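Residue-level structure breakdown
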Amino acid sequence: MEKVLTRNIHKENSQSIDVYLAGGGYEGLRKAVTSMSPGDVVEAVKKSGLRGRGGAGFPTGLKWSFMPKEKTKPHYLLCNADESEPGTFKDRLLMEQDPHMMIEGCMIGAYAMQADAVFVYIRGEFVHGTKVLDKAVAEAYEKSFAGKNICGSDWSCELVVHRGAGAYICGEETALMTSLEGERGYPRVKPPFPAQAGVWGMPTTINNVETLACVPDIIVRGADWFAGIGTDERNTGPKLYCLSGHVQRPGVYEAPMGLPLKELIYDLGGGMLHADRPLKACIPGGSSVPVLRAEECDVNLDFDSLAALKTGLGSAGIMVMDSSTCMVKALLRISHFYAHESCGQCTPCREGCGWMERILQRIEDGKGLQQDIDLLKNIADNIEGRTICALGDAAAWPVQSFVTKFRDEFQAHVDEQRCTVQGAAHA
Amino acid sequence: MPRITIDGVEMEVPAGTTVLQAALSRGREVPHYCYHPGLSIAGNCRMCLVEVEKAPKLMIACQTQVADGMVVHTQNEKVKQAQAAVMEFLLINHPLDCPICDQAGECRLQEYAVEHGTGVSRHDVGKVIQSKAIDIGKHIMLDQERCIQCSRCIRFCNEVTGTGELDFFQRGDRTKIGLYPGKRLDNPYSGNTVDICPVGALTLKEFRFATRVWYLKNTPTVCAGCSRGCNVMVAVGKKQELMTSPGQFDDGIKRIVPRVNEQVNGHWICDEGRLSYIGLEAAGRLPHAQDADDHELDWDEAVRRAGKGIREAASAGRLGVIATPRATNETLHALKSLIDGVGGAATGVQSIHRGEDDNLLIRADKGANSAGAAAILGATGADDVLRSAGEGALDTLVVLGDLLDPADTIDLGDVATRVKQLIYIGPFADAASKAAHLRLPVSAWAEEDGTMVNVDGRVQLVRRCHRPRGEGRPGWRVMLDLFPGAGVEAPDWSSWEDVYTALSGGTDTFRGTTAESIGLLGLSTAEPAPAGA
Ligand SMILES: Cc1cc2nc3c(=O)[nH]c(=O)nc-3n(C[C@H](O)[C@H](O)[C@H](O)COP(=O)(O)O)c2cc1C
Ligand code: SF4
Ligand code: SF4
Ligand code: SF4
Ligand code: FES
């Protein structure tokens, strides 16, 4: 497939506005602002079938249409550049290598929703990305793609980069808003939804970096072109896949939505890392989504195909595990992450995540009790669906799927009081 | 109005009502920790999960608004299972030191654990350890381990006082409640955080380890600290050795907590009012009627002498009266009737002003019944009376001393030496009492029934919470006893209600109201007294 999102990244000085402009950059913004109504832009994005690349896969055009049509208050667009889901590193590539594509997408989105400002909330650890972005924003202002009278029109909109302080939870949409407001990064109970009352209580829409980077080409080449890429009309467009784990060539790969998982692992990724260690399991959408057994890996990487297997495309972080992987240890590592990152606001997640981690540590230490496996599953069931934000689910799903799909291995760990996986590395 | 069904009971409730409010309004208990009617909705404890038909997940009742046709289940198996799960989560890192916790007996964690928990712990992997007994404010101690992170105290300091001393620090199950660096929980309303804390994480220094809550007898009354007239509950300790004889509650006042009245104080009281009992309990009391030489006088003799002095001075036009603005309407009406009976007196109401009005509850006018006193005695200020007395223009000066704090009884200077007879009627052995020629004890605040009018013109009941100290009698009774000696026919009053009936028949502010109609939340009088009266 022709590269869309990554077409510029290997060019020299790919970050500079001149290189971006030379490749036809900002034509989408110019077209939107000078020849389309905001409503036309929303319609185009709806028609393209674009769904959010941040994790939930929510239809982007529909989300944009929730913003009030009559403006009585300032509107804001937030670009979620907090990318912290384990196994996910695609937004970083876009920001560091081709920041203007994302900026153009931000400004088109802002025009569609008549936003007064766009805030790019960037992960605190992305020091280099912040520098690149700061420079790109300055260039965009200079060329009137941001600020006053954008593209010579009477529409104005500010563009601000805000660096986070290093909490995973601040990537959750409402926690990002409280953090941006200068408060502790706590998710908010919904309703109200962001389009009614978001950041500073104003109508707000939040989108992922990659989602917004898709927008310029939808405007320039048309919704039908975009919708023509992918599995079907519900799973469209070009997509970045983050491949990691036991493969020959980990990295970010661009391919159409719906790329077969096996093709990603064996063709693009060059196959398993060790010829004698076959595929054992794969997490297809970042650490929070349920794991797939090797037998389940004949699946296309799109929202609906993965949902049919009761997992998800999530943030498209594909983590490949070979036969040497100890599933207890892998799950312990994941559960440690969520226990560490739980904001601590709501009871089931705050208390449950730490509890699950401590039980897993006990099993890993060879001190697991017979009842521990059922207890783990039960704690996860008591968290799922009962929390303020989806971090609770994100912590529960791996536990539920690991202990169910690899129950024998957990059982052996408890029975033998040690790891029985051949070649597994344990600290 | 939306029609909804909760546990099979159909009800109509106003749009915008939450499921929790709707359930509570019909007497259905949905367990909840973080929800507090005086604060914003946090939705963090997850204790109030209920099933709403057609919703994919359980919903939190505290935040879910009713919608027409909604069918809610608050007690089915799914809900009970969720409640038990949340209880289990709340308890796994809780120290369970109930035997030494002040909250025991009124702890929502204890209560819900019994009602909604499983009774057994599946948690055996070590609790998160946090700090205990941290001094965080003039009146407040914190036990971090006991905190269930409901954020009520934080929201109180952010939303009610706007002082923002508290927040959570760290994340996950390491989350700690604590003070911002350099801050102390010293706002003038800090004690409310203790009341709203559902567990024993925040305790009041003045109440810590003082007693067990099941040894307390509570009486609804009104604070006498200032003209706001906050509604409170006064708890009197029951002497533990008297446990077996119910009704013997008299180990003094142990604490004062707010009583909800949306028209007056909402859910809150100030720390000064909350702790006003301490000075009262500590004050030196006048044990019995006395003459200037501290000799005990027989009551009949004392009131005869006092009545005589009043009559003689009045007939010469040389009687002066100064009353505390913390006296009840009944006492003041009895006093006024006596004055009218003897033909009048130079009358003044003492003014007790300190500090400034704030924008929450506290009033600079510390006269809890300033408005009632102004309406009944028609007088403000005591300066003219004091001046006349100082100039030697009065023979008898009657001073009705303060009923809450001896330090608030009017400073008479050397006026006692300029009058023939200074009659002190008050509960305390204070400076005015010492200077007096005749001293008649009365019961203090919380020792007698009656009414007061607050700054907004609301008549409210003040109640006897415990037995008066010494020989203190209700003020109106003392006044009544003075009538014969003063040569005035005594009215036929045998209760404070009788006095109130007489008052409402003769004083505009109270016209049309009756003692029975006041009720626990008070009654707005037809013509609200002017602010600061
Ligand atoms: C715990 C948690 C962390 C998240 N972190 C991110 C993140 O780092 N980046 C992101 O784009 N979305 C993240 N999301 C998803 C956002 O909440 C939100 O759905 C997304 O930004 C919406 O953008 P989209 O519609 O373009 O996908 C996270 C969600 C949760 C529950
Ligand atoms: S689910 Fe976890 S991360 Fe989300 S609000 Fe609750 S405690 Fe915080
Ligand atoms: S200290 Fe008490 S009121 Fe404050 S958050 Fe903890 S439990 Fe809630
Ligand atoms: S504000 Fe006034 S009435 Fe209320 S508690 Fe304080 S002193 Fe008492
Ligand atoms: S009372 Fe509803 S979540 Fe706490």
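None of the values given here were measured: they were computed from a predicted structure.

About the thresholds
Residues numbered from 1 in each chain as written. Chains lettered and ligands numbered in written order. Predicted model: local features only at pLDDT ≥ 70, side-chain atom pairs only at ≥ 80, totals over all residues. Heavy atoms only, no water. Helix = DSSP H or I, 4+ residues; strand = E, 2+ residues; numbered from the N terminus. Buried < 20%, exposed > 50% of the residue type's maximum accessible area, 1.4 Å probe, protein only. Contact = heavy atoms within 4.5 Å. Near = heavy atom within 4 Å. Polar contact = N/O pair within 3.5 Å; in protein donor to acceptor, adjacent residues only side chain to side chain. Areas by Shrake-Rupley, 256 points an atom, 1.4 Å probe, with all protein chains shown as cover. Nonpolar A, V, L, I, M, F, W, Y, C, P; charged D, E, K, R; others polar. Pairing = 2+ DSSP bridges. Core = buried A, V, L, I, M, F, W, Y, C linked by side-chain atoms within 4.5 Å. Patch = residues over 30% accessible without salt bridge, like charges linked within 9 Å, V, L, I, M, F, W, Y side chains within 5 Å. Salt bridge = Lys/Arg side-chain N within 4 Å of Asp/Glu carboxyl O. Lys, Arg positive; Asp, Glu negative; His and termini not counted. Charge placed at Lys NZ, Arg CZ, Asp CG, Glu CD. Axes fitted to C-alpha atoms, helices over the stretch in contact; angles between N-to-C directions. Parallel < 35°, antiparallel > 145°, perpendicular 65-115°, else oblique. Left-handed = near helix turned anticlockwise from the far one by under 90°. Phe/Tyr/Trp six-rings, centres within 6.5 Å; stacked < 30°, edge-to-face > 60°. Lys NZ or Arg CZ within 6 Å of the ring centre and 35° of its normal. Disulfide = S-S within 2.5 Å. Domains from an automatic or database assignment. Expected span 1.5 Å × (residues − 1). Buried area = accessible area lost by both parts, 1.4 Å probe. pLDDT = per-residue confidence, 0-100.

Attention shifts here to the overall build of chain A. Looking only at helices and strands, one finds 18 helices and 13 strands in chain A. On the principal axes, the C-alpha backbone points of chain A span a range of 70 × 45 × 35 Å. Per-residue burial for chain A yields a buried fraction of 62% across its 427 residues. Counting only contacts in chain A whose residues sit at least 6 apart along the sequence, the fraction spanning at least 24 positions is 70%.

Next up on the list: the site of ligand 1. All names here are of chain A. Taken together, 18 residues lie near ligand 1, and G54, K63, N80, N208 and T211 sit nearest. Taking K63, its side chain carries an N or O atom lying 2.8 Å from an oxygen atom of ligand 1. Between N80 and ligand 1, the recorded distance is 2.9 Å, taken from a side-chain N or O atom to an oxygen atom. Expressed as a share of its isolated accessible area of 610 Å², the protein-covered part of ligand 1 is 90%. Broken down by element, the residue count for the shell around ligand 1 peaks at three residues, all from strand β4 (residues 204–208). Class assignment for the residues of the shell around ligand 1 results in four nonpolar, eight polar and six charged.

Residue and element names in this part refer to chain B. Strand order in the open sheet formed by three strands is β6-β7-β10, and the pairing between neighbours is antiparallel. Looking at the sheet topology across the chains shown, the edges are occupied by β6 (134–135) and β10 (202–204). Pairing between β6 and strand β7 (residues 140–142): two bridges, direction antiparallel. Paired with I134 across the strands is L142, a residue of β7.

Attention shifts here to the nonpolar core. Ranked by internal contacts, the top residues of the largest apolar core, which has 172 residues, are F402(A), F410(A), Y33(B), L397(B), L412(B) and W445(B). Take this core: its biggest share by element is nine residues, from helix α14 (residues 327–341) of chain A.

Moving on, we come to a negative patch on the surface. On the surface, E296(B), D298(B), D300(B) and E471(B) cluster together into a negatively charged patch. Its location among the elements puts E296(B) in the loop between β14 (290–291) and α8 (299–315).

Attention shifts here to the packing of helix α15 (residues 347–364) of chain A against helix α17 (residues 391–405) of chain A. All names here are of chain A. At their nearest, the axes of α15 and α17 sit 10 Å apart, and the two run at 25° to each other. In terms of orientation, α15 and α17 fall into the roughly parallel class. α17 is crossed by α15, and the crossing has left-handed handedness. Taken together, the residues of α17 that come into contact with α15 (itself represented by C349, C353 and M356) are L391, G392, A395 and V399. Class assignment for the residues of the contact of α15 with α17 results in six nonpolar, one polar and no charged.

Glancing now at the packing of aromatic side chains. For any two aromatic rings, the description comes down to two numbers: the centre-to-centre distance and the angle of the planes. Following the criterion strictly, the structure yields 18 aromatic pairs over all chains and no others. Seen in terms of ring centroids, W355(A) and F89(B) are 6.2 Å apart; in terms of plane orientation they differ by 90°. Their pairing is edge-to-face. Taken together, the residues span two chains, with W355(A) in helix α15 and F89(B) in helix α2 (residues 77–92). Among the residues examined, F89(B) registers a relative accessible area of 1% and is labelled buried. Each ring, one from F169(B) and one from Y180(B), has its centre 5.4 Å from the other, and the planes form 80°; the classification is edge-to-face. Here F169(B) is found in strand β8 (residues 166–169), whereas its partner Y180(B) is found in the loop between β9 (176–179) and α5 (191–196), with eleven residues between them in sequence. Aromatic ring contacts, followed pair by pair, group Y20(A), Y26(A) and F145(A) into a single cluster. One residue, R255(B), lies across the ring of F207(B), its end atom 4.6 Å from the ring centre. R473(B) extends its terminal NZ or CZ atom over the ring of W299(B), reaching a point 4.0 Å from the ring centre.

Quick look at the state of the cysteines now. Note on terminology: a disulfide is the covalent bond linking the sulfur atoms of two cysteines. Taken as a whole and judged by the stated rule, the model has zero disulfides over all chains. No disulfide involves C297(A); its sulfur sits 4.9 Å from that of C282(A), the nearest cysteine.

Next up on the list: the sheet that holds strand β13 (residues 253–258) of chain B. Residue and element names in this part refer to chain B. Read across the open sheet, the three strands follow the order β11-β12-β13; overall the sheet is antiparallel. Sheet topology places β11 (216–222) and β13 at the edges, where each strand pairs with a single neighbour. Direction aside, the axes of adjacent strands within the sheet are offset by 25° on average.

Close to ligand 3 lie 13 residues; C147(B), C150(B), S151(B), C153(B) and C197(B) are nearest. A per-class count over the shell around ligand 3 returns ten nonpolar, two polar and one charged.

Cis rather than trans, the peptide bond between K190(A) and P191(A) has omega equal to -5°. Topologically, P191(A) is positioned in the loop between α8 (173–180) and β4. Here the phi dihedral of N149(A) falls at roughly 45°; this positive angle occurs in a residue that is not glycine. Here N149(A) is to be found in the loop between α7 (127–142) and β3 (158–163). Relative accessible area serves as the criterion here: at 38%, N149(A) is assigned to the partly exposed category. The backbone of D294(B) shows a phi angle near 70°, a positive value even though the residue is not glycine. Examined against the element boundaries, D294(B) turns out to sit in the loop between β14 and α8.

Moving on, we come to the domain arrangement of chain B. Considered domain by domain, chain B is made up of domain 1 (3–75) and domain 2 (290–524). Each of domain 1 of chain B and domain 2 of chain B was reduced to a C-alpha centroid, and the two centroids are 51 Å apart.

This paragraph deals with α2(B). Taking 1.5 Å of rise per residue, 16 residues should cover 22 Å, and α2(B) covers 22 Å from first to last C-alpha, within 8% of that figure. Regarding α2(B), the residues found buried are V79(B), A82(B), Q83(B), A84(B), A85(B), V86(B), M87(B), E88(B), F89(B), L90(B) and I92(B). Here the buried face of α2(B) lies against α15 and α16 (372–383) of chain A together with β3 (49–52), β5 (71–73) and α3 (108–116) of chain B.

What follows covers the packing of α15(A) against α2(B). Two numbers describe how α15(A) lies on α2(B): the axes approach to 9 Å, and their chain directions differ by 65°. By the criterion of interaxial angle, the relationship of α15(A) to α2(B) is roughly perpendicular. You can see that α15(A) and α2(B) cross each other, and the crossing is left-handed. Contact residues: T347(A), P348(A), R350(A), E351(A), G352(A), W355(A) and R358(A) in α15(A); V86(B), E88(B), F89(B), L90(B) and I92(B) in α2(B). Residues belonging to the contact of α15(A) with α2(B) are distributed by class as follows: six nonpolar, two polar and four charged.

As a further point, take the domain arrangement of chain A. Residue and element names in this part refer to chain A. Splitting chain A by domain gives domain 1 (17–227), domain 2 (238–322) and domain 3 (327–416). Here domain 1 and domain 2 have C-alpha centroids that lie 27 Å from each other. Summing both partners gives a buried area of about 1,400 Å² for domain 1 against domain 2, and 62% of it is carried by carbon and sulfur. For the domain 1 face of the interface with domain 2, the top three residues by lost area are R53, E85 and F89, together amounting to 33%.

Of the residues lining the interface, 35 residues belong to chain A; the matching set on chain B comes to 36 residues. For the chain A and chain B pair, buried surface summed over both sides reaches about 2,900 Å², with 48% attributable to carbon and sulfur atoms. On the chain A side of the interface with chain B, the three residues burying the most area are W355(A), R358(A) and R386(A), jointly 24% of the side's total. In this assembly, chain A and chain B are joined by three salt bridges. A salt bridge links R362(A) to D124(B); the shortest N-O distance between them is 3.2 Å. Where chain A meets chain B, there are 22 residue pairs in polar contact (both at pLDDT 80 or more). Every element with two or more residues in the side of chain A that touches chain B is listed here: α14, α15 and α16 of chain A.

The predicted coordinates ought not to be read in detail in places where the model reports low pLDDT. All names here are of chain B. Taken residue by residue, chain B gives an average pLDDT of 93. The fraction at 70 or more is 96%. Overall, residues 528–533 carries pLDDT values under 50, and its contacts beyond four positions in sequence, including any with other chains, amount to twelve contacts. As a predicted assembly, this complex carries a pTM of 0.94 together with an ipTM value of 0.93.

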